[in-house]
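One letter stands for each residue in the lines below.
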Amino acid sequence: MSTENLPQNPEQPPRKPRVAVVFGGRSSEHGISVVTAGAVLRAIDRTKYDVLPIGITRDGRWALTADEPERMAITERRTPSVEELAESSEGGVVLPVDPANREVVYSEPGSVPKALGEVDVVFPVLHGPYGEDGTLQGLLELSGVPYVGAGVLASAVGQDKEYMKRVFTSFGLKVGPYVVIRPREWQRDESAARKKIVDFAGEHGWPLFVKPARAGSSIGITKVDDLSGLDEAIAEAQSHDPKILVEAALRGREIECGVLEFEDGPRASVPAEIPPPQEHAYYDFEAKYIDSTPGIVPAPLTPEETAEVQKLAVDAFEAASCEGLVRADFFLTEDGEFVINEINTLPGFTPISMYPQMWEASGISYPELVSRLIDAALRRSTGLR
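If you're wondering where the values come from, they're calculated on a predicted model, not measured in any experiment. (Residues numbered from 1 in each chain as written. Predicted model: local features only at pLDDT ≥ 70, side-chain atom pairs only at ≥ 80, totals over all residues. Heavy atoms only, no water.)

1. Here's the deal with the nonpolar core
Defined as follows: What makes a nonpolar core is a set of buried Ala, Val, Leu, Ile, Met, Phe, Trp, Tyr and Cys residues whose side-chain atoms join them at distances within 4.5 Å. Three exposure classes are used, based on accessible area relative to the maximum for each residue type with a 1.4 Å probe and protein chains only: buried under 20%, partly exposed in between, and exposed over 50%. For helices the rule is a DSSP run of H or I covering at least 4 residues; for strands it is a run of E covering at least 2, with both sets numbered from the N terminus onward. For every domain, the bounds stem from an assignment made automatically or drawn from a database. Note on contacts: a residue pair is in contact if any heavy atoms of the two residues lie within 4.5 Å.
V21, F123 and I374 are the most contacted members of the largest nonpolar core, which totals 36 residues. Of all elements in the fold, only β1 (18–24), α1 (30–43), α2 (82–85), β7 (121–124), β12 (252–262), α11 (354–361) and α12 (366–379) reach the threshold of two or more residues within this core. Top contributing element to this core by residue count: α12, with seven residues. The residues that make up this core include at least three from each of domain 1 (18–147) and domain 2 (158–175 + 251–366). Residues contacting V21, with those up to four places away along its chain left out, are A37, V40, L41, I44, V51, L52, P53, I54, F123 and V125. Formed by 29 residues, the second largest nonpolar core is a distinct cluster that contains V167, F168, V309 and A328.

Set out below in structure tokens:
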């Protein structure tokens with residue numbers, strides 16, 4: 001879709017496409033989503049687009065928020081929330097589930113609903129379940145509204161680390177050893193489920209990484225060095241997701257690579273390396289967002305290694321049927337093999353996040369990156385494609 005295709009009044013100049021930036025959400029990554037939204041709102045070219053910020057509270061209410069990105073930053077080691085930014089504690093925004101009508105409506109109890117105008121494209125900057133996992137994408141498909149990023153299937157695959165790994169394996173991409181404990185396994189026989197993890201450790205050794213299967217931003221992950229820390233790690237992961245994933249530790253360097261959809265298809269950025277953080281056991285949430293452990297961009301790789309990881313990143317993008325953008329995370333093992341750890345269909349997008357830094361080093365600034373993602377979404381149709 002282009003600006004010329006938007007509904008026009010012949011007596012008025014062409015209007016700019018209207019972008020709804022949707023952020024917050026019900027997942028444990030709510031605060032980082034708000035920080036990401038602030039960065040996106042600052043970067044959007046207001047000469048090209050009109051903007052409507054919509055926040056989703058932790059309990060799922062769609063709230064109208066002020067366009068004030070300066071309030072969407074980490075302060076005193078604390079992330080912001082939609083509840084702090086909402087213009088009302090009760091008002092709600094409604095996106096009509098009607099492909100023939102893209103008008104957004106705002107209502108408050110006891111008041112006449114107010115039309116906020118049509119939305120031409122949604123920029124979802126939600127991380128984790130109920131936003132990055134295909135649920136919001138399904139709603140937008142029903143509404144017939146174009147949106148930035150992966151579709152329903154790719155979003156769901158990218159969120160569930162088990163099925164992500166299964167897809168990658170089926171396409172010939174190398175993944176590390178892992179084991180999954182589903183909720184019914186734990187409920188049916190807790191001791192058998194725990195033994196499954198212990199047996200996995202016996203085969204692959206300690207340490208292990210115990211993770212929520214469907215979360216991101218390194219939330220809920222514990223590095224477990226021996227049997228004594230296992231139960232606490234399981235409880236922590238299950239507090240975020242009843243399905244957990246346990247991975248064997250891979251010795252090697254952490255390498256990331258960005259993928260961006262261009263007019264002629266996906267291309268990879270220069271890769272980055274995540275060095276071991278000095279004050280953290282691994283690259284956890286605080287190392288990423290609070291203490292801002294810097295990555296090395298571009299990664300100190302040979303030309304052959306760089307070309308290989310770029311190809312693998314695009315292969316992962318294609319394997320999961322992604323659109324728009326992806327950050328692909330790899331380990332470069334001690335024997336020189338790239339092993340894919342995961343993809344993020346909506347990677348961290350704050351100014352200090354690796355995805356925009358890799359594209360900056362590749363010649364695409366943050367504002368241009370945002371514009372390219374919006375334009376790519378406007379070019380695509382909704383529905384089967």
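2. Some details on the UniProt feature "binding site: Mg(2+) 1" (unreviewed entry) in the chain
The condition is simple: UniProt positions are given in the numbering used here, feature names are shortened, and annotations may be inferred rather than shown by experiment.
What UniProt calls "binding site: Mg(2+) 1" (unreviewed entry) maps, in this numbering, to D329 and E342. Following the sequence through the fold, D329 ends up in strand β15 (residues 325–333). Secondary-structure assignment places E342 in strand β16 (residues 338–344). Apart from the residues within four sequence positions on either side, E342 is in contact with K161, M164, R327, A328 and D329.

3. A look at the sheet that holds strand β8 (residues 178–181)
Here is the rule: At least two DSSP bridges between two strands are required for those strands to pair. What counts as an axis is a line fitted to C-alpha atoms, over the stretch in contact for a helix, and the angles between N-to-C directions run from 0 to 180 degrees.
Ordered in space as β8-β11-β9-β10, the four strands form an open sheet in which the pairing is antiparallel. Among the strands making up the open sheet, the edge pair consists of β8 and β10 (222–224). In this sheet, adjacent strand axes meet at a mean angle of 25° when their direction is disregarded. Across four bridges, the pairing between β8 and strand β11 (residues 244–248) is antiparallel. In the sheet register, Y178 faces β11, and the bridge partner there is E247. The sheet strands contacting helix α7 (residues 190–204) are β8, β9 (208–212) and β11, and the helix crosses β8 at an angle near 175°.

4. Focus on the side chain of R18
Our working definition: The convention is simple: Lys and Arg are positive, Asp and Glu are negative, and His and the chain ends are not counted. Each reported salt bridge corresponds to a side-chain nitrogen of Lys or Arg within 4 Å of a carboxyl oxygen of Asp or Glu. Think of a polar contact as two N or O atoms within 3.5 Å of one another; within protein, one of them needs to be a possible hydrogen donor and the other a possible acceptor, and neighboring residues in sequence only count if both atoms come from side chains.
One can find R18 in strand β1. Although R18 lies buried, it forms no salt bridge, and the closest oppositely charged side chain, D50, sits 5.4 Å away as judged by the N-O distance. For R18, the side chain forms a polar contact with the main-chain oxygen of L116, separated by 2.4 Å. Side-chain polar atoms of R18 contact the backbone oxygen of E118, separated by 3.5 Å. Excluding anything up to four places from it in sequence, R18 contacts D50, L52, L116, G117, E118, V119, D120 and V121.

5. Details of the sheet that holds strand β6 (residues 114–118)
Read across the open sheet, the three strands follow the order β4-β5-β6; overall the sheet is antiparallel. The sheet is open, and its two edges are formed by β4 (92–94) and β6, each paired on a single side. Neighbour-to-neighbour, the strand axes of the sheet open up by a mean angle of 25°, direction not taken into account. Sheet topology note: the β4/strand β5 (residues 103–107) ladder contains three bridges and is antiparallel. Each residue of the ladder has a partner; that of V94, found in β5, is V105.

6. Considering the confidence of the model for the chain
The criterion, for reference: Note on scores: pLDDT gives the predictor's confidence for each residue, bounded by 0 and 100.
In this model, the chain carries a mean pLDDT of 90, and residues with pLDDT of at least 70 account for 92%. Contacts of residues 1–5 to residues separated by more than four positions or lying in other chains number eight contacts, the stretch itself having pLDDT below 50.

7. Section: a negative patch on the surface
Our working definition: Within the patch definition used here, like charges are joined within 9 Å and nonpolar side chains (Val, Leu, Ile, Met, Phe, Trp, Tyr) within 5 Å, considering only residues with over 30% relative accessible area and no salt bridge. What sets the accessible areas is the Shrake-Rupley method with a 1.4 Å probe; for residues, cover comes only from the shown protein chains. Charge positions come from single atoms, namely NZ of Lys, CZ of Arg, CG of Asp or CD of Glu.
Side chains of E308, E334, D335 and E337 sit close together on the surface and give a patch of like negative charge. By the element assignment, D335 lies in the loop between β15 and β16. For D335, a relative accessible area of 63% puts it in the exposed group.

8. Overview of the pairing of β7
A two-sided burial pattern is seen for β7, the buried positions comprising V121 and F123 on one face and V122 and P124 on the other. Pairing of β1 with β7 involves four bridges; the strand directions are parallel. Bridging across to β7, V22 finds its partner in P124.

9. A short note on the domain arrangement of the chain
By a widely used convention, the size of an interface equals the accessible area lost when the partners come together. Put simply, the rule reads: Once two parts are brought into contact, the accessible area they lose, counted with a 1.4 Å probe and summed over both, makes up the buried area. For this classification, the nonpolar set comprises Ala, Val, Leu, Ile, Met, Phe, Trp, Tyr, Cys and Pro, the charged set comprises Asp, Glu, Lys and Arg, and every other residue, Gly included, is treated as polar.
In terms of domain boundaries, the chain breaks down into domain 1 (18–147), domain 2 (158–175 + 251–366) and domain 3 (178–248). Buried surface at the junction of domain 1 and domain 3, both sides included, amounts to about 360 Å², of which 50% is carbon and sulfur. For the pair domain 1 and domain 3, the interface holds one residue pair in polar contact (both at pLDDT 80 or more). Of the residues belonging to the side of domain 1 that touches domain 3, the class tally is two nonpolar, one polar and one charged.

10. A closer look at unusual backbone geometry
In most cases, non-glycine residues show a negative phi, while peptide bonds are predominantly trans. For the peptide bond that leads from W206 to P207, omega is 0°, which places it in the cis range. Along the chain, P207 falls in the loop between α7 and β9. In this chain, V297 is followed by P298 through a cis amide linkage whose omega measures -5°. Positionally, P298 belongs in the loop between α9 (285–290) and α10 (303–319). The backbone of Y130 sits at a positive phi, close to 65°, despite the residue not being glycine. Inspection of the secondary structure puts Y130 in the loop between β7 and α3 (135–143). For S321, which is not glycine, the phi dihedral falls at a positive 60°. What makes S321 partly exposed here is its relative accessible area of 46%.

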